[in-house]
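Given next are the chains, with one letter for each unit.
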Amino acid sequence: MSSVPISHVLILAAILFVIGAFGLVVRRNLVFVLMSIEIMLSATGIAFAAAGSKWHQADGQAVVIFIFATAAAEVAVGLSLLLRIFRRLKTVDSDKLSTMKG
Amino acid sequence: MILTWIIAIPAIGGVLAWIAAQRNVRAARWIALAACFFDLVISVSLWISHRSLGFPGTLIREQIVPWVPRFGVSYHLAMDGLSLLLVILTALLGIMAVASSWKEITERVGGFLLSLMLLLSGILGVFLAYDLFLFYFFWELMLIPMYFVIGIWGHENRVQAAIKFFLFTFISGLFMLVAIIGLYFVHGRATGVYTFDYPTLLASPVTGRYASWLMLGFFIAFAVKLPSFPFHTWLPDAHTEAPTAGSVILAGLMLKTGAYGLIRFALPLFPGASAAFAPIALVLGVAGIIYGAVLTSAQRDFKRMVAYTSVSHMGFVLLGIYAGNELALQGAVLEIISHGISTGALFLLVGMVQERTGTRDLKHLGGLWATVPRIGGFTLLFALAALGLPGLGNFAGEFLVLLGTFQVNPAASAVASLGFIFSVIYALRLVQKTVLGPNKENWSLPKLSIRETTMLGILAALIIWLGLYPQPIFDTARASQSVIRQSASKVGDLP
Amino acid sequence: MGDLLWTIVLIPFLGSAILAVFGAFMPKKIAGTIACASIGIAWFLSIIVAIRFVETGTANVPLYRWIYVNGLHADMSLHLDALSMLMVGVVTFVAFLIHLYAAQSMYAEDGYSRFFSYMNLFVGFMLILVLAANLLVLYLGWEGVGLCSFLLIGFWYKDIKNVHAAQKAFIITRIGDTALAIGLFLLFREFGTLDIQTILSNAGRVLPFAGATAAVIGFCLIGGAIGKSAQIPLQTWLPDAMAGPTPVSALIHAATMVTAGVYLLARMHTIISMSPAAQLSIAVIGTITLLYAGFSALTQVDIKRVLAYSTMSQIGYMFVALGVGAWTGAMFHFMTHAFFKALLFLSAGIVIDSLGGEHDIFKMGGLRTRLPIAFWTFLVGSASLSALPFITAGFYSKDEIIWAEWSSQLGSIWLLAGGLLGSLITAAYAFRVVFLVFYGEAETEVINKPGMLEKLAVIVLSIFSIIAGFISLPKALGGFDPFGRFLSGVLPHQPAAAGRSGLTAEEVILALSSTLSILGIYLAYAYFKNRLASEALGLSPTGIRVHTFLYSGWGADKLYDRVFARPYKALATWNRNDFIDKFYSGLGALARYANHNLSRTQTGKVRNYAAAVLFGAIVIAAIVLLR
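Worth saying up front: this structure is predicted, and the values here are computed from it rather than measured.

Analysis parameters
Residues numbered from 1 in each chain as written. Chains lettered and ligands numbered in written order. Predicted model: local features only at pLDDT ≥ 70, side-chain atom pairs only at ≥ 80, totals over all residues. Heavy atoms only, no water. Helix = DSSP H or I, 4+ residues; strand = E, 2+ residues; numbered from the N terminus. Rg over C-alpha atoms; globule rule 2.2 N^0.38 Å. Buried < 20%, exposed > 50% of the residue type's maximum accessible area, 1.4 Å probe, protein only. Contact = heavy atoms within 4.5 Å. Lys, Arg positive; Asp, Glu negative; His and termini not counted. Charge placed at Lys NZ, Arg CZ, Asp CG, Glu CD. Buried area = accessible area lost by both parts, 1.4 Å probe. Salt bridge = Lys/Arg side-chain N within 4 Å of Asp/Glu carboxyl O. Polar contact = N/O pair within 3.5 Å; in protein donor to acceptor, adjacent residues only side chain to side chain. Nonpolar A, V, L, I, M, F, W, Y, C, P; charged D, E, K, R; others polar. Domains from an automatic or database assignment. Expected span 1.5 Å × (residues − 1). Phe/Tyr/Trp six-rings, centres within 6.5 Å; stacked < 30°, edge-to-face > 60°.

This part takes up the overall build of chain A. When you go through chain A residue by residue, the secondary structure sums to 3 helices and 0 strands. Here the C-alpha radius of gyration of chain A, 17 Å, is well above what a compact globule of 102 residues would show, namely 13 Å. Counting all 102 residues of chain A, 25% fall into the buried class. The contacts in chain A between residues at least 6 apart in sequence include a share of 57% that link residues at least 24 apart.

If you want it as structure tokens, here you go:
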């Protein structure tokens, strides 16, 4: 347990979150959107682990487990939706999925 | 209990007619007619008994049933002289409306009759409600059936006209809703009694900074309904596109609900604010008279022309209500009733002409007196009523309004008198373009049926009777005037 | 007597109603009989009432409460005094004769019963007008006669020109009626009542003499009167009103309705006298009108239009009489004018019908021998109109007015000059017609001859046009004046100006006016004898301009059209679709615009929505953290 200041970890988490958010907004390919969501989730996991470390409680790491579980479930649903979309519309470009326009 | 019956009979009749129309359309029409007729009989007999008692100032009938005591809402109906007159008018014009739709409405007759009857129930409820919540309920109840009547059974441009009508009256009604709720709170905070009950609110009128705003809320709703200049633009479209029965009820009754609201609620509940507002209202009234009259002469559509005359006549009513003396107010009441009859009759005539010729365009009409003399004669008679010929009801009303207004504001009265000149111009133009002149298109039209002649004959007799013997109307309505004066005296304004 | 009075008033209404409802189902003879009978009975009853009136005096006869509201108490009631008795007598008598005439002359027309329904209705309203006890009832009769005038001018409604003439009449008289209504409002405000006798007896107490209120009321009453009586500036409807059938012109636009203005001012004389400004303006309007109309009549071509302008002119005389305070003189002239003008119209009607509908006097001629009755009666009428000395009724009545123009305290040399010039012109235009129509070469052949009833009517009226004057002789000729004494209870006598009264002055003016009448006749004769020369004069450039100017009524129609009618129509048409509606449509357009633009945020793309959510989350986080 070397003394890494928590602010460094939180900044790391923030940067990762921003990268993930940016990718979510910018990328059109749904696979990359899902990957970006994963990155965001991981970033929050890091933030929770750091917090748990700071307050010397195991709760932080417990939440990380939760996050992993949630991410796994969400990826499963997301990828199956992606497969359905691809089979239906022959594309994974999210911009093409705009029939709800207007 | 009888008041609830008065309101319920048309509704029940409407439902029965709707059911009956699936099998036998004629029977459905007769049921609707009978419902209105029952109401007429009931209300006229109430009037006769009231008269035999010598027109006492008390309420003729009253019914109170607690509804939501927690919020001070009760099912409170009451009838005094003014509402009695308007209830009779409603029943009468209801009969005329149903009779006029006999041949005109051929599709989905059941739905039409149901809408018409619900409409009448709503109007009757408006005239009889003595609790503000209940009043608002009936006020909004009037709108939906009218929307359907215009929108489904109307003429070419009906949907747009129906939407316009609905938006105008609904939004103005929302202002009134805010005012009602505001009044509830303001009155409650001032006196400790939180209620929607009209007599209770009347006993302690609101003053202070909120009174003007609350009064305006009410005023806007009634001014749009009346319709007062400059809120009148919904009227020509709605009247023109509605079927004949709809126009008759719209012009003959719905406009009167606005006037009734002003007399019953806006004035007595806020006497100080109303007195301060009166000069503005007088200006709006005069503007309506002149503006409506000038615009009428320019119209090319027969029905639109008749519709615009209503704007002008209702200007007289607004003038009479806010002039602040009994002379003018009695004139306004008489004008309300006479206008309902004369304009209702004119719309009936428009409908008859349209059924026969298929057009309302004045370019194609003309010279109809030769082929259907009765249409000529009746059009002339009711146009004369519209222009305010003495001996017919409208004159007595308009003259009293001007006479009363003159005592208060001579300039307004003098300018409004110009309305007499302009009304001659449009009324004679109306008669000239439709029934006089050469028969350019060689119309050869069927004569008036017995049904049509009877309708017009009854209305003609009434308008002449009102012109020559309006005293019963004045006697019946006198008690309602004193309410306004009493509440005004509590506040210390108005003599 | 009260019941009789109401019967007199209501019988014509009854006749009108019967004819309106059942007229289409009855043969013409029955319809005509009912129409004439109702007026005849009214006339007969009026004689009985007159006899009783002489015994019992003034009467007030209410029928029922018409309008009783806080402040205003107006009964439907009648008031009989000498003035209204006179009016009732003249109206029923002349109306009866005209109905008899019309029963025959209108026989071939479609709508025969409709015609008589309107005629009876008119007589009913006229009687209400003259017998009204309060101003509201008077106003009822006032507008009622206006209505009937509209209906009868536009009787032949299939020709749109007739309808236009009727509309013009109604609109212009309505302008006057509105002024009258404002006068009524003012009177009510000052007196608290509209009862005529109450107002008249309290006028001195309530209104300050020569004050602003009295003047305004006076001008309002005058406004009403000039509309109905076709005086300047509301005079343009009368010549066009000749579009109606001749009996209508005789009854309404000569004898009765147009004199309603005179009656109103005479009835309200106390109020008028309270305002010298108003009263003077009556005299001025009268003088201007009588000259205006006289000059216009000199150039007219349609025989009925000559008579229409003549009526305008003679009513001008009555107005002058009112303006100088010669109330009785005005009523005297009203009576004689009713006789001779109705006579002139009826015999003109005989001429027109006999020539198959020809109105143009230049296409007539030589009818002296072919239509002797028409000739003699028209001659008597014209003579009376021209105030031929001593032997015509018109002489006595016009002379009384001309004398009053000079001698009254309110008179002046200018009014006298106007009146004298007027008589010269009157005689000239009247006899111009006589010579052109009855002398010279016949241009059109006579097709019909007049019937018994028509002849009866014109003969009786001729007799009265001669003898009716003898009941009020000027002092210079004896001063026998039962007429003046009859009215003296109601209408006051205007004192004479100092130094201007006196027998010699009266004789001089008498001689002067007589000479002028004869001179006028001579001028007409000279014109007729030298027709070619006169016509050459008329064809010169100035001649044409003057002629057109006078012929068109001094351009009044064009003026009113440009100043009032066209701008009004333009304004109404421009605003046809109601510019206020644009505001509300604008609201709708605004809503649509907002909808269109806001819905562009709904791109349907998940990325955009995600970005929005992100952005919002950042903003909220910032607000929360930085608070």
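Attention now goes to the overall build of chain C. Each helix and strand counted, chain C has 27 helices and 2 strands in total. Each of the three principal axes of chain C carries a C-alpha extent, and together these read 120 × 60 × 55 Å. The burial tally for chain C puts 59% of its 627 residues in the buried class. The long-range fraction of contacts in chain C, counting pairs at least 24 apart against all pairs at least 6 apart in sequence, stands at 81%. Averaging the positions of the 40 positive and the 31 negative side-chain charges in chain C gives two centres separated by 12 Å.

Looking now at the interface of chain B and chain C. At the interface, 62 residues of chain B touch 46 residues of chain C. Taken together, both faces of the contact between chain B and chain C bury some 4800 Å²; the carbon and sulfur share is 70%. Linking chain B to chain C there are 1 salt bridge. Its salt-bridge partner being Lys 164 of chain B, residue Asp 581 of chain C comes within 2.9 Å of it at the nearest N-O pair. For the pair chain B and chain C, the number of links is 21 residue pairs in polar contact (both at pLDDT 80 or more). It is helix α17 (residues 410-434) of chain B that contributes the most residues to the side of chain B that touches chain C, 14 residues altogether. Of the residues assigned to the side of chain B that touches chain C, the class counts are 41 nonpolar, 15 polar and 6 charged.

It is worth spelling out the domain arrangement of chain C at this point. In terms of domain boundaries, chain C breaks down into domain 1 (292-529) and domain 2 (577-626). Using C-alpha coordinates to define each centre, domain 1 of chain C is positioned 85 Å away from domain 2 of chain C.

The interface with the most contacts, out of 2 pairs of chains in contact, is the one formed by chains B and C. Kept free of each other, chain A and chain B leave a smallest C-alpha distance of 24 Å between them.

Glancing now at helix α19 (residues 413-438) of chain C. Residue and element names in this part refer to chain C. Under the 1.5 Å per step criterion, the end-to-end length of α19 is 37 Å for 26 residues, consistent within 8% with the ideal 38 Å. Burial of α19 is extensive: 22 of the 26 residues sit out of reach of the surface. Residue Ser 412 occupies the N-cap position of α19, its side-chain oxygen lying 3.2 Å from the main-chain nitrogen of Trp 414. Remark: Gly 440 follows α19 within two positions and exhibits a positive phi of approximately 75 degrees.

Glancing now at unusual backbone geometry. Going from Phe 229 of chain B to Pro 230 of chain B, the amide bond is cis rather than trans, its omega being 0 degrees. Relative to the assigned elements, Pro 230 of chain B resides in the loop between α8 (209-225) and α9 (234-241). Cis geometry is adopted by the peptide bond preceding Pro 233 of chain C, which originates at Ile 232 of chain C and carries an omega value of 0 degrees. Its place among the elements puts Pro 233 of chain C in the loop between α8 (212-228) and α9 (237-240).

What follows is about the side chain of His 313 of chain B. Residues and elements named next belong to chain B. Mapping His 313 onto the fold places it in helix α12 (residues 302-322). For His 313, the side chain forms a polar contact with the main-chain oxygen of Ala 386, separated by 2.8 Å. Setting aside anything within four residues of it in sequence, one finds His 313 in contact with Glu 335, His 339, Ala 386, Asn 394, Glu 398 and Tyr 426.

As a further point, take the packing of aromatic side chains. Residues and elements named next belong to chain C. Counted under the stated rule, the structure contains 71 aromatic pairs over all chains. Judged by centre distance (5.1 Å) and plane angle (90 degrees), the rings of Phe 13 and Phe 125 are edge-to-face. Taken as a pair, Phe 13 in helix α1 (residues 2-22) and Phe 125 in helix α4 (residues 112-131) lie far apart in primary sequence, 112 residues in all. Phe 125 shares its class with Phe 13; the two are buried.

In this assembly, 13 residues from chain A lie in contact with 10 residues from chain C. In total, chain A and chain C occlude about 900 Å² of area from one another, counting both sides; carbon and sulfur atoms represent 61% of this. In terms of surface lost to chain C, no three residues of chain A exceed Val 25, Asp 95 and Gly 102 of chain A, which account for 47% of the buried area on that side. Viewed at the interface, chain C and chain A are joined by 1 salt bridge. For Asp 95 of chain A, the salt bridge identified is with Arg 607 of chain C, shortest N-O distance 2.8 Å. Taken together, the links from chain A to chain C amount to 3 residue pairs in polar contact (both at pLDDT 80 or more). For the side of chain A that touches chain C, the per-class residue count stands at 6 nonpolar, 3 polar and 4 charged.

A few words now on the side chain of Thr 90 of chain B. All names here are of chain B. By the secondary structure assignment, Thr 90 is in helix α3 (residues 81-104). The class for Thr 90 is buried, based on a relative accessible area of 1%. Ignoring sequence-local partners within four residues, the contact set of Thr 90 consists of Leu 120, Ile 123, Leu 124, Phe 127 and Leu 253.

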